[in-house]
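Results of the structural survey
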Amino acid sequence: MTEGIGIWRCVKCRAGFFPQRLLCPRCHGDEFEPDRVHEAVVEEISTIRHMLGQTDWQPRRIASVRTSDGQRITVGLADDSEPGAAIELFEEGTAPFGKAKS
Amino acid sequence: MNAAIIGVGQSAYTRRPEPGQTTHTFIRDAVVAALRDAELDARDIQGMAVASFSLAPDAAVDLAWKLGLSLRWLLQDTNGGSSAMNMLGHALRGVETGAASAILVVGGDATGLGGYAKVAANFNIVTQLHLAPLGHGGPNGVYALVTSRQMKKYGLEKSDYGQLAVAQRAWAAHNPYAVYRMPLTMEEYLAAPLVADPLSRYDCVPVVAGAQAIIVAHPDRSPRGRTPVRVRAHRASFNHDNQEGDGLQTGISTFAGELWQAAGVGPQDIDVASIYDDYPTMVLAQLNDLGMVPGSDLARFARRDVGERRFPLNTWGGMLSAGQPGGPAGGLNGISEAVLQLQHRAGARQVKDARLAVATGYGMTMYRYGGTAAAAVLERME
């Protein structure tokens, strides 16, 4: 587990993006630097109760969140946080997750 | 206008293909049916456009080879739910410019349920890296979040989406190709198990195996006594907002005004609509983008116009009842139904005196929602 989520910040206009882009959609700058964002607010959640092609699926929760830097990203929820909750972000490999702020 | 849709055809649809039934055999069946419908010989076909999630490792030219088609115009489209509409636009221009006199447009898939799950988990690099490891449930999970957003923004209730599912099932009763034809009640809709909250079983398009084809040619090539269908206007959009919006406005919102202006008609003139329906949420979003929902009151539209059967929407049952044979063929399904309606060949589901139709495509769930959209206004050529 790695604290925060890696984002890509345009060197030219400083806008941050997730997922990674090739050119900045705001200014079309072609240079990015890595940055991290640590907090977000939950906007919508869903419990995935069924997965096509799988019979022993265990329900899990996902959420659309707005990060403190403004990105809207989809995360796995590691607890029972509800819409409106402030969460802290972390990564498992390339997958973004969130849980209630400790 | 020197191009029209002169024939349509489809294969059988099935939830579980039998051994020996493949993407290729379903596509063949649809091609044979379309040729028969257009009263053309395979030798008359000079161009082909194809879209499929499961044709690989074959490409379009391999399909041409296996169908025995020697061509001078060939296209393979990768835009998912808007592939059909996209291919239609290219085919119209191909015929109008003389690149080919008759173009076959075909889409089909036979992934099976497990195969579709693999497609959904590997839809693009972003999905592989950032969504599938969450167990996001494929498009069901993505559109569950979009649906919650739409419910909040427009004050929609779960039953409002049910109005679409129930109404479309009633249409499907008259479509012998639909995989689900039994009537669906609102009680059954609301009692169905949740798949990805708030989406339940009847909100999620059923994946089927099947294929669909249309033929575009000069209107004079239309079978004797049959009215060809022309496209008054066609527009498309790709990556309209860099996935930075809320997903409640599709790419259609970027061109709707221009589409109606080019067509010379307005939303109020439309007799029948084929709106790409992988989820009821996105049907409402597209209709709203098209300007077909007065005051953007989605709840009123669902309850009154759809629920009370005032507006002929997805009259073949839509993909929600007829089945989705992959996104590409699913889009062709709506175009084909519009053609049948405008040719007054839709049988028990015929909309009286239908003269104008709108059809859409929407797809490619890149990250938080779809990134491709297209629409056309079709007209019965009197």
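Residues numbered from 1 in each chain as written. Chains lettered and ligands numbered in written order. Predicted model: local features only at pLDDT ≥ 70, side-chain atom pairs only at ≥ 80, totals over all residues.

Here's the deal with the overall build of chain A
Secondary structure summary: chain A contains zero helices and nine strands in total. Reading chain A from its N end, one meets helices and strands in the order β-β-β-β-β-β-β-β-β. Based on the C-alpha atoms only, the size of chain A along its principal axes is roughly 45 × 35 × 25 Å. In chain A, once contacts between residues fewer than 6 apart in sequence are set aside, the share between residues at least 24 apart is 42%. (Helix = DSSP H or I, 4+ residues; strand = E, 2+ residues; numbered from the N terminus. Contact = placed C-beta atoms within 7 Å.)

Notes on unusual backbone geometry
The residue after Phe-18 of chain A, namely Pro-19 of chain A, is reached through a cis peptide bond having omega -5°. In this structure, Pro-198 of chain B follows Asp-197 of chain B across a cis peptide bond, with omega equal to 5°. Note that Pro-198 of chain B resides in the loop between strand E5 (194–196) and strand E6 (199–200). A positive phi is found at Glu-39 of chain B, a non-glycine position, where the angle reads about 55°. Position of Glu-39 of chain B among the secondary structure elements: in the loop between helix H1 (23–38) and strand E2 (47–51). Of note, the phi angle at Met-364 of chain B is positive, near 55°, even though the residue is not glycine. Looking at the secondary structure, you find Met-364 of chain B in strand E10 (residues 356–365).

Here we look at the domain arrangement of chain B
Buried accessible area, meaning the area lost when the parts come together, often serves as the stated size of an interface. Residues and elements named next belong to chain B. Under the domain assignment, chain B is made up of domain 1 (4–113 + 210–220) and domain 2 (126–200 + 227–380). Between domain 1 and domain 2, the C-alpha centre-to-centre distance is 22 Å. With 33 residues of domain 1 in contact, the opposing surface of domain 2 contributes 37 residues. The set of elements that each furnish at least two residues to the side of domain 1 that touches domain 2 consists of strand E1 (4–10), helix H3 (83–96), strand E4 (102–109) and strand E7 (210–217). For the side of domain 1 that touches domain 2, the element with the most residues is H3, which contributes seven residues. Residue classes in the side of domain 1 that touches domain 2 are distributed as 16 nonpolar, 15 polar and two charged. (Domains from an automatic or database assignment. Nonpolar A, V, L, I, M, F, W, Y, C, P; charged D, E, K, R; others polar.)

Let's talk about the packing of helix H7 (residues 158–172) of chain B against helix H10 (residues 280–289) of chain B
Residue and element names in this part refer to chain B. The interhelical angle for the contact between H7 and H10, taken along N-to-C directions, is 95°, at an axis separation of 9 Å. Here H10 runs roughly perpendicular to H7, going by the angle between their axes. Facing Tyr-161, Leu-164 and Ala-165 of H7, the residues of H10 in contact are Pro-280, Thr-281 and Val-283. Across the contact of H7 with H10, the residue classes tally to five nonpolar, one polar and no charged. (Axes fitted to C-alpha atoms, helices over the stretch in contact; angles between N-to-C directions. Parallel < 35°, antiparallel > 145°, perpendicular 65-115°, else oblique.)

Examining the environment of Ala-359 of chain B
Residues and elements named next belong to chain B. Here Ala-359 shows up in strand E10. Here Ala-359 falls in the buried class, since 28 other C-beta atoms lie within 10 Å of it. The spacing of Ala-359 and Gly-135 is 224 residues in sequence and 33 Å in space, taken between C-alpha atoms. If we ignore the near neighbours within four places in the chain, the residues touching Ala-359 are Met-85, Ser-274, Gly-334, Ile-335, Ala-338, Ala-375, Ala-376 and Leu-378. (Buried ≥ 20, exposed ≤ 12 C-beta atoms within 10 Å, placed from the backbone.)

Structural notes on the interface of chain A and chain B
Across the boundary between the two partners, chain A contributes 21 residues, which contact 27 residues of chain B. Secondary-structure elements contributing two or more residues to the side of chain A that touches chain B are strand E5 (39–48), strand E6 (60–67), strand E7 (72–77) and strand E9 (95–100) of chain A. With four residues, E5 of chain A is the single largest residue contributor to the side of chain A that touches chain B. Classifying every residue of the side of chain A that touches chain B gives eight nonpolar, nine polar and four charged.

Let's talk about the nonpolar core
In summary, soluble globular proteins display a tendency toward joint burial of nonpolar side chains. All names here are of chain B. Within the largest apolar cluster, 149 residues are counted, with the highest numbers of intra-cluster contacts made by Ile-103, Val-105, Ile-214, Val-216 and Ala-357. Residues from two domains meet in this core; each of domain 1 (4–113 + 210–220) and domain 2 (126–200 + 227–380) gives at least three. The contact partners of Ile-103, leaving out residues within four places of it in the chain, are Gly-47, Met-48, Ala-49, Trp-73, Ala-91, Gly-94, Val-95 and Val-216. (Core = buried A, V, L, I, M, F, W, Y, C linked by C-beta atoms within 7 Å.)

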